[in-house]
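Reading the structure
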Amino acid sequence: MNKNSSAPVSPERRRMLKASGVALGGLLIATWLPPMVPKSFAIQRLEEEPEDHELQPPTALGAFLRVGHNGHITLISPKIEMGQGVQTGFAMMIAEELEVPLSQVSVAEAPPNPELYSDSILNFQATGGSASTRSNWEPLREAAAAARIMLIQAAANQWQVSAADCRAENGQVIGPGDRRLGYGEVVAAAAELTVPENVPLKKPEDFKIIGKPAQRLDTPSKVDGSAKFTIDLHVPGMKIASARACPVVGGTLVAVDESRARAVPGVVEVIKLDNAVAVIGDHMWAAIKGLEALEESVEWDFGAHGGIDQAQIEQALRDAFERDGAIANDVGDIDKALDGAESKIEAEYEMPFLAHSPLEPMTCVAQVRADACELWVGTQAPVFARQAAAKASGMPAEKVIIHNQWIGGAFGRRLETDFITQATAIAKQVDYPIKLVWTREEDTTHDLYRPHYIDRFAAALDADGMPIGWSQTIVGASVLARFAPDAVPPNGLDSDAVENSANPLYPLSNLRVRYVPEAPKAILNSWWRGVGPLHGAYVVESFVDELAYAAKQDPVDYRLKLLGDQHPRAQAVLRLAAEKANWRQPLPDGRGRGVAVQEVFGSYLATVVELQIDANNGVRIKRLICVADCGIVTNPTSVHSQLEGGTLFGLSAALYNEITVKNGRVEQSNYNDYRQLRISDAPPVEVFVVPSTEAPGGIGEAGTAMIAPALMNAMHAATGKRFRRLPLARAGFHVI
Amino acid sequence: MLTLTINDVDLEVDVPDDMPLLWVLRDVLGMTGTKYGCGIAQCGVCTVHMNGNAVRSCVLPVSEAAGNKITTIEAIGKTALGKRVQQAWLEHEVVQCGYCQSGQIMAAVALLEKVPDVDDADIDLGMAGNMCRCCTYTRIRGAIKSVAKA
Ligand code: FES
Ligand code: FES
């Protein structure tokens, strides 16, 4: 326990509270805890109290909520902040039900504990899949409402009045005769009460905080440079490490002449790992110079993949179409429909490998001591992080302490633990803490990339050009099979790879969707912002657009007709997007509009791009409209920001990005050859959010998933040509 | 030994002459508001001011910084314009992950210092060197314009 604790908690009491938490289905309202310094802010504490290194087992110390003796509320956030505003949204939910101002809530990071913090959608403790608000919307408010009821009851008991005559307001319980007690004054008594079950939640019309724009809690420190990301941390005695891994996946280190690095001023140590060499220095410059000095003498065994080129990878993907794969959905009789169809349309789409490339490169502070392995690291998956560190350090998981940190961009990259394993392995070889910081080049070339997908469609059309049905075959690496093999059935069907495809938005009486997993050699694949829907929305919305043009129908009208009476929320966003985009207004030559509509992450989105093309293949995006129905909105500001940023994030990839392999090595290395959208390329994003009382949908990745089809459909509208392979730059276009 | 003038304070550092100012700030002086993103003057997260001009500290040898007036994100709020820009960033809720925003703010202040009535073209030119992977560009533009108008 923290030494500042004024009321130590006995082990028995801890156990009992933990038990009650589990009985409540993962909810634990630990009103017993005095205000304490959250461990995730331990870095400041370590600086103040350098001797304070006692091991704190990562057991549940109050699952979601703590009410301090000063009345201050601490939210233990099961989700990490990486720019999506999730922690502010959570704080708003808590403040709403607890009847406290938002300013009275602060946030601490949850420790790894799958029992308490597993996500009900993702089935593990992680931040991703645009699941955070969806899965915590009820549990968090229930926790806060239960705490409020207990605080009111405690005050009522003290006053010897009925709880029904008391209410909570502004962090106080107010009783008959305007008697008042602050939460801090009754928290000790409240902690003795039984946690109520089946607590009623506020009705949306009574919300005071939810649904109103709120300033993010974490932003002030992010505009004055005081916010600490992992890369900014300093623990006493720490040195800086940087590493270079074998450029080919699966390769190993054979030999290296360490003396050259040791001659560099500031270099402290050279560390050899199985597949990498690391240099530890007094500062990053020494580590970088040390690695450069090793470059010539380092000898790798490139293993089996040293000769692999992009063309071979793509050929293997094409060859995979010959395999049966797994059937994701089979409705009606698509073979018969295709045989007897008035006409048929076929198309093939292709999407490249993509790097995540967050601006904060992979970084992790690690210390391996006799008694513990302690890590300070921004991670989307703390339980996996702990497992990785346990394995690399040789310590049992209970002795691994993870302090999760704010993240300088993740986009899925920090669901992986390769850099945590590496940091721990380096730290194990020295008797001081190290901060591993990857160079941008290391980050770009040693990512786990979005799969390269190839999709083939064939549609059977009736006399009006409407589909009687279609078949779709998807080929690409199964991320799920590598990341969570247990989640994949024996036939290899990856639910992520077939999202938005297996059950398309449009009702079809004949449909067959087939998935053939093909893991490329020399490249590892992982989750990338937008995940399954990013792929599914692109191919389905591109193909439907082709059908609309083939039928000589307006792409919006065609989609509405195809939807029939299905998905009223999809129809509403599509109609509104068309209206906002002046869809019906004709455009001069060289201009075009493209549209896409889908349900992604439980939200309905419609995106419209209007662009202009000049004689030199210069593309200027004139308008970009994004309409969303994402159910009840907690913080409108965050929803708008995520739709704006997420859409442009997807645009950046759709315009420019493609990772390619030569001799088993990733060819791109830094932002000079892996270009990203800049302000001068970025059109304003017009966001419209439809008011809704439906359950909240995901929003962090929704905009990202929708932009590529709208962009490529607009390219077709402007040029009359279909560009089916991303990115657009491949077709010789550039942004002006 | 080099003498650096950072945020109006003279500091002595004993580091290699070719060490970029970025690493001196971050790893020697513990001023971590200035970030690392690419090391090759492509992303702008390392932007500081040298005599009022925005420079990429990742490619600025510390020996060239010596003798010049360096200002970092930690002190930009002490100037009236710097404060206004930070305020505008909060009012427009620009920040997402926040990692690039030190550099964005330093670039924006330098731009507004030179062109107080910026238009879109000035923003494109002055801010194109500062990437934001969270793509907060719509709000960056709005925040800069609000300061220009004020
Ligand atoms: S780190 Fe200096 S410009 Fe990227
Ligand atoms: S706010 Fe995340 S990189 Fe700009």
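From a predicted model like this one, the values you see are computed outputs, not experimental measurements.

Another point: the overall build of chain B. When its secondary structure is counted, chain B shows 7 helices and 5 strands. The order of helices and strands in chain B, counted from the N terminus, is β-β-α-β-β-α-β-α-α-α-α-α. For 150 residues, the compact-globule estimate of 2.2 N^0.38 gives 15 Å, and the C-alpha radius of gyration of chain B, at 15 Å, lies within 12% of that figure. Seen through its principal axes, chain B has C-alpha atoms that stretch 45 × 30 × 25 Å. The burial tally for chain B puts 60% of its 150 residues in the buried class. Contacts in chain B between residues far apart in sequence, at least 24 positions, make up 56% of those at least 6 positions apart. Summing over all exposed atoms, chain B offers an accessible surface of approximately 5300 Å²; the carbon and sulfur share of this is 52%.

Moving on: the environment of V516 of chain A. Within the secondary structure, V516 of chain A is located in strand 20 (residues 510–517). Discounting residues that sit within four places of it in the chain, V516 of chain A has contacts with A320, R323, D324, G325, T473, I474, V475 and G476 of chain A.

As a further point, take the sheet that holds strand 1 (residues 2–6) of chain B. Residues and elements named next belong to chain B. Strands sit in the order 2-1-5-3-4 across an open sheet of 5 strands; the sheet is mixed. Two strands bound the open sheet, and with one partner strand each, they are strand 2 (9–13) and strand 4 (53–56). Neighbouring strand axes in the sheet, compared pairwise and without regard to direction, differ in orientation by 40° on average. Those strands touched by helix 1 (residues 21–28) are strand 1, strand 2, strand 3 (47–50) and strand 5 (69–71), and its axis lies near 80° from that of strand 1. Set on the sheet, helix 5 (residues 101–114) makes contact with strand 3, strand 4 and strand 5; between it and strand 3 the angle comes to about 35°.

Residues and elements named next belong to chain A. What the domain assignment reports for chain A is domain 1 (11–224), domain 2 (230–302 + 362–437) and domain 3 (311–353 + 449–735). Here the C-alpha centroids of domain 2 and domain 3 sit 37 Å apart. Counting residues at the interface gives 10 residues for domain 2 and 13 residues for domain 3. Note on domain 2 versus domain 3: buried area summed over both sides is about 890 Å², and carbon and sulfur give 64% of it. Of all residues in domain 2, V249, F411 and E416 give up the largest surface area on contact with domain 3, accounting jointly for 54% of the area buried on that side.

So, about the packing of helix 19 (residues 636–656) of chain A against helix 7 (residues 137–149) of chain B. Where helix 19 of chain A contacts helix 7 of chain B, the two axes come as close as 8 Å, and the packing angle between them is 115°. Compared by their axis directions, helix 19 of chain A and helix 7 of chain B come out roughly perpendicular. Residues T637, H640, S641, E644 and L648 of chain A of helix 19 of chain A touch helix 7 of chain B, and the partners they reach there are Y137, T138 and R139 of chain B. Taken together, the residues that form the contact of helix 19 of chain A with helix 7 of chain B break down as 2 nonpolar, 4 polar and 2 charged.

Between chain B and chain A, the residue contacts involve 48 residues of the former and 59 residues of the latter. In this assembly, chain B packs against chain A so that about 4400 Å² is buried in total across both faces, 58% of it on carbon and sulfur atoms. When the buried surface of chain B facing chain A is broken down by residue, E93, Q96 and R133 of chain B rank first, second and third, together holding 18% of it. Notably, a salt bridge pairs R139 of chain B with E644 of chain A, separated by 2.7 Å at the nearest N-O pair. For the side of chain B that touches chain A, the elements supplying multiple residues, two or more each, are helix 1, helix 3 (73–76), helix 4 (80–91), helix 5, helix 6 (120–127) and helix 7 of chain B. Its residues assigned to classes, the side of chain B that touches chain A comprises 26 nonpolar, 12 polar and 10 charged.

Consecutive side chains of a regular strand alternate in pointing toward one face of the sheet and then the other. All names here are of chain B. For strand 3 and strand 4, the ladder comprises 4 bridges, and the chain directions are antiparallel. Residue V48 lies in a different strand from strand 4, and its bridge partner there is V55. Taking the residues between adjacent antiparallel strands as the criterion, strand 3 and strand 4 are bridged by 2 residues, where N51 takes a positive phi near 50°.

Attention now goes to unusual backbone geometry. All names here are of chain A. A cis amide bond, omega -5°, links L726 with the succeeding residue P727. Tracing the sequence through the fold places P727 in the loop between helix 20 (702–719) and strand 27 (734–735). For N123, which is not glycine, the phi torsion reads 65° and is therefore positive. Judged by its relative accessible area of 64%, N123 is exposed. Despite not being glycine, D178 shows a phi value in the positive range, around 60°.

We now examine the nonpolar core. If you look at the biggest cluster of nonpolar residues, it comprises 201 residues, and the most contacted ones within it are W470, L611 and L711 of chain A together with W89 and Y137 of chain B. Tallying contributions element by element places helix 20 of chain A first for this core, with 11 residues. The next biggest cluster of nonpolar side chains, apart from the first, holds 51 residues, and it includes V67, W137, I152 and V187 of chain A.

Time to look at the pattern of salt bridges. All names here are of chain A. For the structure shown, the criterion picks out 52 salt bridges over all chains. Between K202 and E96 there is a salt bridge, with the nearest N and O atoms lying 2.6 Å from each other. Of this pair, K202 sits in the loop between helix 6 (183–190) and helix 7 (220–223) while E96 sits in helix 3 (residues 86–98); the two residues are 106 residues apart in sequence, bridging distant segments of the chain. Accessibility classification places K202 together with E96 in one group, the buried group.

A word on the packing of helix 5 (residues 132–159) of chain A against helix 6 of chain A. Any two packed helices are characterised by the angle at which their axes cross and by the distance between the axes. Residues and elements named next belong to chain A. Contact geometry of helix 5 with helix 6 gives a least axis separation of 8 Å together with a crossing angle of 90°. Considered as vectors, helix 5 and helix 6 are oriented roughly perpendicular to each other. Note on element contacts: helix 6 touches helix 5 through Y183, V186, V187, A189 and A190, opposite R148, M150, L151, A154, A155 and Q158.

Reading guide: rules and limits
- Residues numbered from 1 in each chain as written.
- Chains lettered and ligands numbered in written order.
- Predicted model: local features only at pLDDT ≥ 70, side-chain atom pairs only at ≥ 80, totals over all residues.
- Heavy atoms only, no water.
- Helix = DSSP H or I, 4+ residues; strand = E, 2+ residues; numbered from the N terminus.
- Rg over C-alpha atoms; globule rule 2.2 N^0.38 Å.
- Buried < 20%, exposed > 50% of the residue type's maximum accessible area, 1.4 Å probe, protein only.
- Contact = heavy atoms within 4.5 Å.
- Areas by Shrake-Rupley, 256 points an atom, 1.4 Å probe, with all protein chains shown as cover.
- Pairing = 2+ DSSP bridges.
- Axes fitted to C-alpha atoms, helices over the stretch in contact; angles between N-to-C directions.
- Domains from an automatic or database assignment.
- Buried area = accessible area lost by both parts, 1.4 Å probe.
- Parallel < 35°, antiparallel > 145°, perpendicular 65-115°, else oblique.
- Nonpolar A, V, L, I, M, F, W, Y, C, P; charged D, E, K, R; others polar.
- Salt bridge = Lys/Arg side-chain N within 4 Å of Asp/Glu carboxyl O.
- Core = buried A, V, L, I, M, F, W, Y, C linked by side-chain atoms within 4.5 Å.

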